[in-house]
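In case you want the letters, here they are:
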2 protein chains.
Amino acid sequence: MIAGGVGSLPFRRVAVLGPGLIGGSVALALQRAGTASVVVWSAQADELLAARMAGFATEESLVALARRADLFVLCVPVGAMLPVSGELVPHLAPEATVTDVGSVKAPLERELRPLLGDRFVGAHPIAGSERSGFGAARADLFEDARCFVVPSPDAARTTAVERFWGALGCRPSRIGAEEHDAIVARTSHLAHATAALLLHAIERDRPNALEFAGPGLRDTSRLASSDAVLWTGILMANRDEVRAALSSLAFETGRLQELLKPGREAELGEYLELARDARKRIPG
Amino acid sequence: MIAGGVGSLPFRRVAVLGPGLIGGSVALALQRAGTASVVVWSAQADELLAARMAGFATEESLVALARRADLFVLCVPVGAMLPVSGELVPHLAPEATVTDVGSVKAPLERELRPLLGDRFVGAHPIAGSERSGFGAARADLFEDARCFVVPSPDAARTTAVERFWGALGCRPSRIGAEEHDAIVARTSHLAHATAALLLHAIERDRPNALEFAGPGLRDTSRLASSDAVLWTGILMANRDEVRAALSSLAFETGRLQELLKPGREAELGEYLELARDARKRIPG
């Protein structure tokens, strides 16, 4: 169930730009909540068709879209946020609000804030899967998911955007853009990178080994099945933090190699036990 | 369903030593298949009680156990295989067969082969979860799982043990002990190690980050919730191969850091795409 339901939504007309996994789930969650007007925009004909077949109004023109909503939810890949916003902004009403779902926040603050001003309230719902596209979208994707919100100088807009994400089922959490990027570099981007590294390391040593793998490696490497183009954009946008996180991974790899020596069983056991304890702090 | 059912089991009386996650699942799969006699041994009173409450005959004495079965399935931790076998072997009938579920095979060949001779047919079913203990055991744990079998010099015994694991639902696959250990160092042990490394790297950089993690990191780090004592034994027993695998992980980490530089988007995309393709080769 959508917490609060349609009555609590602070925006009457919502435009979703980019109906992939996340954007499609935003649209479906709004549809389920009974939002009066949802309009879906995409630059891709197949995405527009999928949205239309799911019962959504669609729009191909950003100029026309600009007048059809009070809230615009940017769900395009990180690298497309700036060009899409650039086309949209000259036609937006002053009272329009823009939020997004981008996995990095500091680069978007730098790019979109000068363009959109106080109208922009960046967000990042921590939800998703390794699947992509409208076909993988789900109305319940955001239920009980944390949603980072980077405050705009306009406090009322910030609150309204928090209420919007809350109405989709999220638990909003305010954060600065730099702090956000440092955290997700570890909890999300490093995890994606590690899944890819692990597969490359196995391939390097034993090209035939993967056919013998079981459910453990399948889960550990799940994120490597994510969309490669999308993740190239995300990792590049946050590359300084991700490289720093990879340095810590390399440091820990060296530490573990030292513990895999005769007589260091107790320390190795403690290392594994600490990791086990740490994992208990991941919510859900 | 157990493939073939009870009629195809080449052993009438089976002893399961160590009814944890794997041993308990062996016992439950045998029970479901209607095996005439299953007896469970453990050095731990709570495990014996759990097995008795699930309807199994139990035995506390290895001396007495030696006469109660035709097949002995060693499901104790890797480090306990040798002492348990040492107590059992003086009392075993010459025609008795011993198999195991150890995650390493070369060290066990070195330790158990001189003691057990041709009676020993090492095995390793690729099944499990991060949970442990009899409470996590499941009769269907082995369904469609690959089971490595290291041939004994006695071909008939090797075939009989393959049929045994096949009757529990596994797909048996013959392999040399060294080759086995090199493969599982990558597909299983490196994956476990990486889950722990990842959590330690995050903790090193941002001790508060884990509370913001989502389903991606939860899956990537799932194996870190495994039993730390059990995995200390496994990683130590296969330490040379695991250290070599960790060196490959470190090499790939350095490669990825190089790709996270401006202008290398295309190479980064290719790197992620190759990992994505590799993951498709993991069965299931």
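Figured I'd write up the structure that's included with this text. (Residues numbered from 1 in each chain as written. Chains lettered and ligands numbered in written order. Predicted model: local features only at pLDDT ≥ 70, side-chain atom pairs only at ≥ 80, totals over all residues. Heavy atoms only, no water.)

Considerations on the packing of aromatic side chains
Residue and element names in this part refer to chain A. As a reminder of what qualifies: The pairing test for Phe, Tyr and Trp rings, Trp by its six-membered ring, is centres within 6.5 Å, and the orientation test on the planes gives stacked under 30 degrees, edge-to-face over 60, and tilted for anything in between. Strands are runs of DSSP state E lasting at least two residues, helices are runs of H or I lasting at least four, and both sets are numbered from the N terminus onward. Using a 1.4 Å probe on the protein chains alone, a residue whose accessible area is under 20% of its type maximum counts as buried, one over 50% counts as exposed, and one in between counts as partly exposed.
Counting across every chain of the model gives 10 aromatic pairs over all chains. Both rings, one in Phe-56 and one in Phe-134, keep their centres 6.5 Å apart while their planes meet at 85°; by these two values the pair is edge-to-face. Residue Phe-56 is located in the loop between α2 (45–53) and β3 (57–59), and its partner Phe-134 is located in the loop between β6 (120–125) and β7 (146–150); the two are separated by 78 residues in the primary sequence. By the burial criterion, Phe-56 is buried, and Phe-134 matches it. Linked through ring pairs, Phe-11, Phe-142, Phe-164 and Trp-165 together constitute an aromatic cluster.

Comments concerning the state of the cysteines
Residue and element names in this part refer to chain A. For clarity, the threshold we go by: A pair of cysteine sulfur atoms is labelled a disulfide when the two atoms are within 2.5 Å.
Under the definition given, this model contains 0 disulfides over all chains. In this model Cys-170 remains outside any disulfide bridge; the closest cysteine sulfur is found in Cys-147, 4.7 Å from its own. Judged by relative accessible area, Cys-170 falls into the buried class, the value being 6%.

Some details on the pattern of salt bridges
Short version of the rule: Any Lys or Arg side-chain nitrogen found within 4 Å of a carboxyl oxygen on Asp or Glu counts as a salt bridge.
The tally for this structure, following the rule as stated, stands at 40 salt bridges over all chains. The closest approach of N and O atoms between A:Asp140 and A:Arg138, which form a salt bridge, is 2.9 Å. A:Asp140 sits in the partly exposed class, given a relative accessible area of 33%. Judged by its relative accessible area of 42%, A:Arg138 falls in the partly exposed class. Measuring nitrogen to oxygen at the nearest pair gives 3.5 Å for the salt bridge that ties B:Asp144 to B:Arg171. Of this pair, B:Asp144 sits in the loop between β6 (120–125) and β7 (146–150) while B:Arg171 sits in strand β8 (residues 171–174); the two residues are 27 residues apart in sequence, bridging distant segments of the chain. A relative accessible area of 56% places B:Asp144 in the exposed class. If you follow the salt bridges from partner to partner, you end up with A:Arg186, A:Glu241 and B:Asp205 in one network.

Considering the sheet that holds β6(B)
All names here are of chain B. Inclusion rule: One bridge is not enough; two strands pair if DSSP finds at least two bridges between them. Between the N-to-C directions of two axes lies an angle of 0 to 180 degrees, each axis being a line fitted to C-alpha atoms and, for a helix, fitted only over the stretch in contact. We call two residues in contact when some of their heavy atoms are within 4.5 Å.
Taking strand neighbours across the sheet as the criterion, the 8 strands line up as β3-β2-β1-β4-β5-β6-β7-β8 in an open arrangement whose pairing is mixed. Each of the sheet's edge strands pairs with one partner strand only, and the pair in question is β3 (57–59) and β8. Each adjacent strand pair in this sheet contributes to an overall mean axis angle of 25°, direction not counted. Note: strand β1 (residues 13–17) against strand β4 (residues 71–74), 4 bridges, orientation parallel. Note that in β4 the partner of Ala-15 across the bridge is Phe-72. Against the sheet, helix α1 (residues 21–32) contacts β1, β2 (37–41) and β4, and its axis sits at roughly 160° relative to β1. On top of the sheet, helix α4 (residues 81–88) reaches β1, β2, β4 and β5 (97–100); it is set at about 155° to β4, its chief contact.

A few points about the interface of chain B and chain A
Put simply, the rule reads: Throughout, the accessible surface (probe 1.4 Å) given up by two parts as they are put together, summed over both, is called the buried area. We define a polar contact as two N or O atoms separated by no more than 3.5 Å, with the added condition that, inside protein, one atom must be a possible hydrogen donor and the other a possible acceptor, whereas residues neighbouring each other in sequence contribute only through side-chain atom pairs. When residues are sorted by character, Ala, Val, Leu, Ile, Met, Phe, Trp, Tyr, Cys and Pro go into the nonpolar class, Asp, Glu, Lys and Arg into the charged class, and all the rest, Gly among them, into the polar class.
Each partner contributes residues to the interface: chain B has 87 residues there, and chain A has 87 residues. Across the chain B to chain A interface the summed buried area is about 8500 Å²; carbon plus sulfur atoms make up 63%. A salt bridge links B:Arg204 to A:Glu252; the nearest nitrogen and oxygen atoms lie 2.8 Å apart. On inspection of chain B and its partner chain A, the count reaches 36 residue pairs in polar contact (both at pLDDT 80 or more). Grouping the constituent residues of the side of chain B that touches chain A by class yields 45 nonpolar, 19 polar and 23 charged.

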